[in-house]
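# Analysis of the macromolecular model
Each chain is listed here by its residues.
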Amino acid sequence: MSVPVPRSAEPVTAPPDTGLTLLVIENDPAGPLSMPDITEMSGAVGSPVRIRTARNLTEAERLLTDDVHCILLDLADAGAVTGPATGRTDELDTLRQVLRLAPHHAVLALTAEEDTERAAEAVRVGAQDYLSRDELDGRVLSRAIRYAVERKRADLTQRQLTESRLRAQENARLERGLLPTPLLAGSGLRFAARYRPGRSRALLGGDFYDMVRTPDGTVHAMIGDVSGHGPDEAALGVELRIAWRALTFAGLCGDELLATLQQVLEHERADDETFATLCAVDISADGRRAGLSLAGHPAPLLVRPGRAPRLLPQEDGGPALGLLRRARWPRRQVELGGLWSLLMYTDGLIEGRVGAGARRLGQDGMVELISRGLAEGLHGEELLDATVAEVQALNGGELTDDLAVLLLDRGRVPAEGDRDRPHWPAGRAAVRSVRT
């Protein structure tokens, strides 16, 4: 006889005062678990226990509907209920088959009073409890059935919680691995980044960013935002980031790179309505100039000593990726100077509300917040933390949109003798989620 395929139905438990349904598996209808005896016992106390009987596992599978709460198997008779074709007489093997047949149902094993070792083994195999045939009465039977049902329900709940926790931990490890590891060693630049997905309990959203230094000394940085919210948008953001890094190392930049990224987006997006905004800069090896390309994305903020922070030009940018098939994205040259900081961000930073009304922070409000932080002597990570905290406070609570902020700094120019030892740490640095 082949082992029955496990049923996928979820367990159904009834309140104690509505009664329970017991499926008895016994080969001999006139045996110690005969229908009249069990019925009489179950009706002796409390609400009745409805009884069904099966002579073998084939009948048991047919009778095992969703309203059955517990199965009672007589281990002394277990070898016979598997059917003569199996040639098996091991009662625990039959119990294992019952457990595979009914993974979501409580199972009771009936044993002789002196066979306590076999009874304990039945519980170890998977039965919820065991009963002694010699001490069986209505009160014991009723209590044992209800205990087995509640214990099975508790076991299933604990298993679901454990599986959910393991899935969450696995997803967290996966999402952390998908966050970027900037490659800036030897550039003399330092960076800080803050990342906050809008989805509850998520580590990854539709916003994405990356930074790499190519062999010619150019530092490439980008930040982008996939429209919409959810795991599909987060996955697309990761694909675009990885594609950007590969294309950058392949030597593409500006319009050619963005046109290729648009092709990637068109092939990978879930529907034709999805698009992505992107801001990309490539900073010259001497750190004094940059090429700026915008695809429907807000322009970066440039901060220089002794000057008010200002937004880089935005009027020459192109449309978001995925909107127009034959779009162009001009690359604009920007003078950075000797010492500077460059703030790149997604709209999650500027579209939060200010107060209870409909007013949004906007780019002007962001510039004001940055200026205030600089006046208070904040720089780098402290400046980012203070800015994000203030944006959330003005919004009156957590932001609902994804948020990514990237700050690149060029401070002291390295002397000739320490050109390979940047003044600030490069490579791995402060890249963490805002939600801690």
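Per chain, the residues get numbers from 1 upward, laid out in the order the sequence is written. A pLDDT threshold of at least 70 governs which residues receive local features in this predicted model, and a stricter bar of 80 or more applies before side-chain atom pairs are shown or counted, although totals over entire chains, interfaces and linings include all residues. Hydrogens and waters are ignored; side-chain quantities use all the structure's heavy atoms.

What follows is about helix 5 (residues 116-125). For helix 5, every residue scored as buried is listed here: A119, A122 and V125. Viewed along the axis of helix 5, the buried residues span an arc of 120°, placing them on a single side of the element. Opposite the buried face of helix 5, at more than 90 degrees from it, the exposed residues are E117 and R124. Contact criterion: two residues are considered in contact whenever any of their non-hydrogen atoms come within 4.5 Å of each other. Each helix is a run of DSSP H or I of at least 4 residues and each strand a run of E of at least 2, with the numbering of both proceeding from the N terminus. For helix 5, the secondary structure elements touched by its buried residues are helix 4 (91-101), strand 4 (106-111) and strand 5 (129-132). Among the residues trailing helix 5, G126 stands out with phi positive, at a value near 150°. Working definition: with a 1.4 Å probe on protein chains only, accessible area under 20% of the residue-type maximum means buried, over 50% means exposed, and in between means partly exposed. Directions are taken from the helix axis to each C-beta atom, and the arc is the one they span.

This paragraph deals with the UniProt feature "modified residue: 4-aspartylphosphate" (unreviewed entry) in the protein. Under the UniProt annotation, the feature "modified residue: 4-aspartylphosphate" (unreviewed entry) is placed at D74. Along the chain, D74 falls in strand 3 (residues 70-74). UniProt positions are given in the numbering used here, feature names are shortened, and annotations may be inferred rather than shown by experiment.

Turning to the packing of helix 4 against helix 5, a few remarks are in order. In this analysis, axes come from line fits to C-alpha atoms, helices being fitted only over the stretch in contact, and the angle between any two N-to-C directions falls in the range 0 to 180 degrees. One way to put it is that helix 4 packs onto helix 5 with a least axis distance of 10 Å and a crossing angle of 30°. Comparing their axes, helix 5 and helix 4 come out roughly parallel. The crossing of helix 4 and helix 5 is right-handed. Residues E91, L92, L95, R96 and L99 of helix 4 touch helix 5, and the partners they reach there are R118, E121, A122 and V125. In this count, Pro and Cys sit with the nonpolar residues alongside Ala, Val, Leu, Ile, Met, Phe, Trp and Tyr, while Asp, Glu, Lys and Arg are called charged and the others, Gly among them, polar. Residue classes in the contact of helix 4 with helix 5 are distributed as five nonpolar, no polar and four charged. Orientation labels follow simple angle bins: below 35 degrees gives roughly parallel, above 145 gives roughly antiparallel, 65 to 115 gives roughly perpendicular, and whatever is left gives oblique. Helix crossings get a hand from a simple test, with the near helix turned counterclockwise from the far one by less than a right angle marking a left-handed crossing and a clockwise turn marking a right-handed one.

Let us now look at a negative patch on the surface. Any residue with relative accessible area above 30% and no salt bridge may belong to a patch, with like charges joined within 9 Å and the nonpolar Val, Leu, Ile, Met, Phe, Trp and Tyr side chains within 5 Å. The method behind every accessible area is Shrake-Rupley, applied with a 1.4 Å probe, and residues are considered shielded solely by the protein chains displayed. For this document, the term salt bridge refers to a Lys or Arg side-chain nitrogen within 4 Å of an Asp or Glu carboxyl oxygen. Asp and Glu count as negative and Lys and Arg as positive, but His and the ends of the chain are not part of the count. Taken as the charge centre is NZ of Lys, CZ of Arg, CG of Asp or CD of Glu, depending on the residue. A grouping of E113, E114, D115, E117, D134, E135 and D137 is seen on the molecular surface, where their side chains present a negatively charged patch. Its location among the elements puts E117 in helix 5. Exposure remark for E117: the relative accessible area of 69% places this residue in the exposed category.

Moving on to the sheet that holds strand 9 (residues 276-283). For two strands to count as paired, DSSP must find a minimum of two bridges between them. An order of 7-8-9-10-13 is seen for the five strands of this open sheet, with the pairing classed as antiparallel. If you trace the sheet from one side to the other, it starts and ends with strand 7 (207-213) and strand 13 (331-335), each paired once. For this sheet, the mean inter-axis angle between neighbouring strands, taken without regard to orientation, is 15°. In this structure, strand 8 (residues 219-226) lies alongside strand 9, joined through eight bridges in antiparallel fashion. Residue H220 lies in a different strand from strand 9, and its bridge partner there is D282. The sheet contacts of helix 7 (residues 231-249) involve strand 7, strand 8 and strand 9, and relative to strand 7 the element is tilted by about 15°.

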